[in-house]
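# Coordinate analysis (summary)
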Amino acid sequence: MTTPDLPVVEGAQLALISGSAVEELQVLLERCEDFEILVTGHPPGPYAAQALLIDAPPEHPLRDKFVIGAWTDQGLTATVELLRDFPERHVWYLGLLLTAPEARGQGLGSRILAALKSWILSQEGRALRLIVQDQNPAALRFWIRHGFIEIGTATQELMDLTNQVTRLELKL
Ligand SMILES: CC(C)(COP(=O)(O)OP(=O)(O)OC[C@H]1O[C@@H](n2cnc3c(N)ncnc32)[C@H](O)[C@@H]1OP(=O)(O)O)[C@@H](O)C(=O)NCCC(=O)NCCS
């Protein structure tokens with residue numbers, strides 16, 4: 001499937017992350033170490049950005065993975081990781097939505113989500129799924145406020161932490 005141009009977001013420019021932007025992504029991830037520690041128990045490692053670009057479920061083609069950056073006048077301010085047609089056709093999976101700490105609560109995450117919904121729909125995506133760790137209730141409120149509904153729970157086994165998570169879905 002061809003990939004349409006990324007959508008327009010008020011106050012930010014979206015682009016796929018590659019090349020020199022990988023270093024900017026690493027800086028953003030390190031500025032967001034609060035989130036990484038909350039969900040994994042440790043701060044991001046020195047190759048976290050590179051890992052984010054290439055980590056994908058087994059047999060999921062990298063052409064169906066998108067790591068998108070949102071640049072504002074403050075530089076790279078947010079990032080989103082999306083998997084197309086995962087775990088099944090017409091379902092997309094959001095692995096990460098992260099806004100720089102000083103930019104949170106100003107609507108950027110909501111505007112990115114709204115824009116990406118139409119972009120996903122234009123690629124025959126009919127639902128968007130994600131998980132939220134139980135220790136991140138503010139994020140759960142964010143997703144519920146945007147219409148996601150709970151479709152289950154799961155246990156996420158990480159190297160240093162075992163998380164209880166809620167599985168959420170938004171029908172597009
Ligand atoms: C969740 C997140 C992506 C939302 O992006 P954003 O740009 O802050 O989004 P908006 O400004 O559109 O919405 C803000 C809402 O997000 C929620 N939120 C979640 N975590 C937040 C945080 N650390 N700071 C501020 N708001 C947060 C709040 O419910 C807030 O609602 P409120 O304004 O009624 O308090 C962003 O806050 C973030 O990066 N949080 C840390 C990472 C994270 O938890 N990501 C989600 C993983 S499932």
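Conventions and cut-offs
- Starting afresh in each chain, residues are numbered from 1 along the sequence in its written order.
- Where totals are concerned, whole chains, interfaces and linings use all residues; where local detail is concerned, this predicted model gives features only for residues with pLDDT of at least 70, and gives and counts side-chain atom pairs only at 80 or more.
- Excluding hydrogens and water, the side-chain figures rest on all heavy atoms present in the structure.
- Aromatic rings from Phe, Tyr and Trp, taking only the six-membered ring of Trp, are treated as a pair when their centres fall within 6.5 Å; an angle between ring planes under 30 degrees marks them as stacked, one over 60 as edge-to-face, and anything in between as tilted.
- Labels follow the DSSP assignment, with helices taken as runs of H or I lasting at least four residues and strands as runs of E lasting at least two, numbered in each case from the N terminus.
- Note on exposure labels: buried denotes an accessible area under 20% of the residue type's maximum, exposed denotes more than 50%, and partly exposed covers the range between, all computed with a 1.4 Å probe on protein chains only.
- Pairing between strands is defined by DSSP: at least two bridges between the two strands are required.
- Consider the strands pointing away from the viewer: the crossover is right-handed when the path from the first strand over the helix to the second runs clockwise.

Per an unreviewed UniProt entry, the chain goes by the name GNAT family N-acetyltransferase and belongs to Phenylobacterium glaciei.

So, on to the packing of aromatic side chains. Two descriptors summarise a pair of aromatic rings, namely the distance from one centre to the other and the angle between the planes of the rings. Scanning the entire structure with this criterion turns up six aromatic pairs. Between Phe 66 and Trp 92, the ring centres sit 5.8 Å apart and the planes meet at 10°, which makes this aromatic pair stacked. One end of the pair, Phe 66, is in strand β2 (residues 65–72); the other, Trp 92, is in strand β4 (residues 91–99), with 26 residues separating them in the sequence. Residue class for Trp 92 comes out buried when judged on its relative accessible area of 0%.

Turning our eyes to something else, we now look at the pairing of β4. For β4, a buried count of seven out of nine residues is recorded, marking the element as mostly surrounded by other parts of the structure. Pairing geometry for strand β3 (residues 75–83) and β4, over six bridges, is antiparallel. Within β4, the position partnered with Leu 83 by the bridge is Tyr 93. Note that β4 and strand β5 (residues 127–133) share three bridges and pair parallel. By the bridge assignment for β5, Tyr 93 is matched with Arg 129. Following the chain from β4 across helix α4 (residues 108–121) to the adjacent parallel β5, one finds a crossover that is right-handed.

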